[in-house]
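Close look at the chain arrangement
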Amino acid sequence: MRIRPASLARRVTEIQVGDATQIRLMLDDAIEVRCGNEAELGAALQRLQAALKVIARQQLPAAYIDVRFNEPVIGPALDS
């Protein structure tokens, strides 16, 4: 049996829109997502879903995901 990851909407714990050119989300209180501006948000969320699948499949510990680019940038979580 394969377990599906939680839907994106349920993982968002914070949305920062103080700077209209740099929308940021927090997932699970641990992963910062850099999305860019509102006009780019739809495409950014599609890239985020793809990046989350890669993270889950490869079990990557991530601190941030930058989806402002065609190829998302995944920043590793550093061990404390």
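Keep in mind the model is a prediction, meaning the values are calculated, not measured.

Topic: the pattern of salt bridges
Counted according to the given criterion, the structure contains four salt bridges. With a closest N to O distance of 2.6 Å, Asp28 and Arg11 form a salt bridge. You can see Asp28 sitting in the loop between strand 2 (23-27) and strand 3 (31-36) and its partner Arg11 sitting in helix 1 (residues 8-11), a full 17 residues away along the chain. Of the residues examined, Arg11 reaches a relative accessible area of 14% and is grouped as buried. One salt bridge in this structure joins Asp66 and Arg68, with 2.4 Å as the shortest N-O distance.

Some details on the environment of Arg47
One can find Arg47 in helix 2 (residues 41-58). In this structure Arg47 comes out as buried when scored by relative accessible area, which is 17%. The spacing of Arg47 and Asn37 is 10 residues in sequence and 14 Å in space, taken between C-alpha atoms. When near neighbours in sequence (up to four residues on either side) are disregarded, Arg47 contacts Val67, Arg68, Phe69, Asn70 and Pro72. Looking at Arg47, its side chain comes within polar contact range of the main-chain oxygen of Val67, at 2.7 Å. Here Phe69 takes part through its backbone oxygen, which lies 2.8 Å from a polar atom of the side chain of Arg47.

A word on helix 2
Compared with an ideal rise of 1.5 Å per residue, which puts 18 residues at 26 Å, helix 2 spans 25 Å between its outermost C-alpha atoms and is within 8% of the ideal. For helix 2, every residue scored as buried is listed here: Ala44, Arg47, Leu48, Ala51, Leu52 and Ile55. The arc enclosing the buried residues of helix 2, seen along the axis, measures out at 150°, which places them on a common side. Of the exposed residues in helix 2, those oriented more than 90 degrees away from the buried face are Gln46, Lys53 and Arg57.

Conventions used here
Residues numbered from 1 in each chain as written. Predicted model: local features only at pLDDT ≥ 70, side-chain atom pairs only at ≥ 80, totals over all residues. Heavy atoms only, no water. Salt bridge = Lys/Arg side-chain N within 4 Å of Asp/Glu carboxyl O. Helix = DSSP H or I, 4+ residues; strand = E, 2+ residues; numbered from the N terminus. Buried < 20%, exposed > 50% of the residue type's maximum accessible area, 1.4 Å probe, protein only. Contact = heavy atoms within 4.5 Å. Polar contact = N/O pair within 3.5 Å; in protein donor to acceptor, adjacent residues only side chain to side chain. Expected span 1.5 Å × (residues − 1). Arc of directions from axis to C-beta.

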